[in-house]
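If you want the building blocks of each chain, they are given just below.
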Amino acid sequence: MPVIVVANPKGGVGKSTVSTQIAGYLAHSGHQVMLGDIDRQQSARTWLTLRPPELPPIQTWEVERDHIVKPPKGTTHVVLDTPAGLHGKRLEEVMKLADKVLIPLQPSIFDIYATRDFVTELQARKKGHHVSIAAVANRVKTGSISADQLRTFLHTLNIPVLGEFRDTQNYVHLAARGLTLWDVAPSRVEKDLEQWKEVMGWLEG
């Protein structure tokens, strides 16, 4: 059962947006998906309550009497949305579960420095674990100086970079209705679907 973790110690980089989109893509691909929310804000869980029941289902944790959480029976893929400040022992616990870790980051000097240190920590902790680590640029404004700085930084990372997601209100409007790019007419989100192709290939690889 593949476990895909979306992580970055910096808050506000779009982890919940990326997590929900990944879950939506996998559900539309015919997988039985669980979206787990490790974040205290429980953004992903809130999004699930907004999701229309007629769409491909996405489950959440099953909580047993002793408060142990586990994926629902029949789950084939797990997506974990993680909190800001993920380090140390908690990061170690997450890495033991992970098969893939996707790191979203924005064109911000603060995101760049936080992500650089996080990648170093991830690579140190993945020893003995077969974990695939990749990054994706999020909320990128084409032609901006900050976007150029981010691209320069990404080339210095010793991990795959799976392209860029543009800065668009599409994700905001979809999230408000519990939807993903794969839940609406492709013509409405054509540019965004194109930007997800490399991530989709990495998820299925």
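About the cut-offs
Residues numbered from 1 in each chain as written. Predicted model: local features only at pLDDT ≥ 70, side-chain atom pairs only at ≥ 80, totals over all residues. Heavy atoms only, no water. Helix = DSSP H or I, 4+ residues; strand = E, 2+ residues; numbered from the N terminus. Rg over C-alpha atoms; globule rule 2.2 N^0.38 Å. Contact = heavy atoms within 4.5 Å. Lys, Arg positive; Asp, Glu negative; His and termini not counted. Charge placed at Lys NZ, Arg CZ, Asp CG, Glu CD. Axes fitted to C-alpha atoms, helices over the stretch in contact; angles between N-to-C directions. Parallel < 35°, antiparallel > 145°, perpendicular 65-115°, else oblique. Left-handed = near helix turned anticlockwise from the far one by under 90°. Nonpolar A, V, L, I, M, F, W, Y, C, P; charged D, E, K, R; others polar. Buried < 20%, exposed > 50% of the residue type's maximum accessible area, 1.4 Å probe, protein only. Arc of directions from axis to C-beta. Phe/Tyr/Trp six-rings, centres within 6.5 Å; stacked < 30°, edge-to-face > 60°. Lys NZ or Arg CZ within 6 Å of the ring centre and 35° of its normal.

Let us look at the overall build of the protein chain. When you go through the protein chain residue by residue, the secondary structure sums to eight helices and nine strands. Over its C-alpha atoms the protein chain spans a radius of gyration of 16 Å, differing by no more than 12% from the 17 Å that the globule rule assigns to 205 residues. The principal-axis extent of the C-alpha atoms belonging to the protein chain is close to 50 × 45 × 30 Å. The long-range share in the protein chain, meaning contacts at least 24 apart out of those at least 6 apart in sequence, stands at 77%. Between the mean site of the 24 positive side-chain charges and the mean site of the 22 negative ones, the protein chain shows a separation of 2 Å.

Remark: helix α1 (residues 15-28) packs on helix α8 (residues 197-204), axes separated minimally by 11 Å, with the N-to-C direction vectors making an angle of 65 degrees. Between α1 and α8, the interaxial angle falls into the category roughly perpendicular. Crossing geometry of α1 relative to α8 is assigned as right-handed. Facing I22, Y25 and L26 of α1, the residues of α8 in contact are M200, L203 and E204. Considering only residue class, the contact of α1 with α8 consists of five nonpolar, no polar and one charged.

Residues of helix α3 (residues 88-97) that are buried include every one of L91, V94 and M95, and no others. Taken down its axis, α3 places every buried residue within 100 degrees of arc, on the same side. With respect to the buried face of α3, the exposed residues turned more than 90 degrees away are K89, K96 and L97. In this structure, the buried side of α3 is in contact with β1 (3-6), β7 (100-105) and α4 (109-125).

A separate point is the packing of aromatic side chains. How two aromatic rings sit relative to each other is given by the distance of their centres and the angle of their planes. Taken as a whole and assessed by the stated rule, the structure comprises three aromatic pairs. Ring centres of Y25 and W182 lie 5.3 Å apart, and the angle between their planes is 55 degrees; this geometry places the pair in the tilted category. Linking Y25 in helix α1 with W182 in the loop between α6 (170-175) and α7 (190-195), this pair joins segments that are 157 residues apart in sequence. Taking the centre distance of 4.4 Å and the plane angle of 15 degrees together, the rings of F165 and W196 count as stacked. Taken as a pair, F165 in strand β9 (residues 161-166) and W196 in the loop between α7 and α8 lie far apart in primary sequence, 31 residues in all. This pair shows no difference in class: F165 is buried, exactly as W196 is. Here the basic side chain of K100 rests over the ring of W202, its NZ or CZ set 5.0 Å away from the ring centre.

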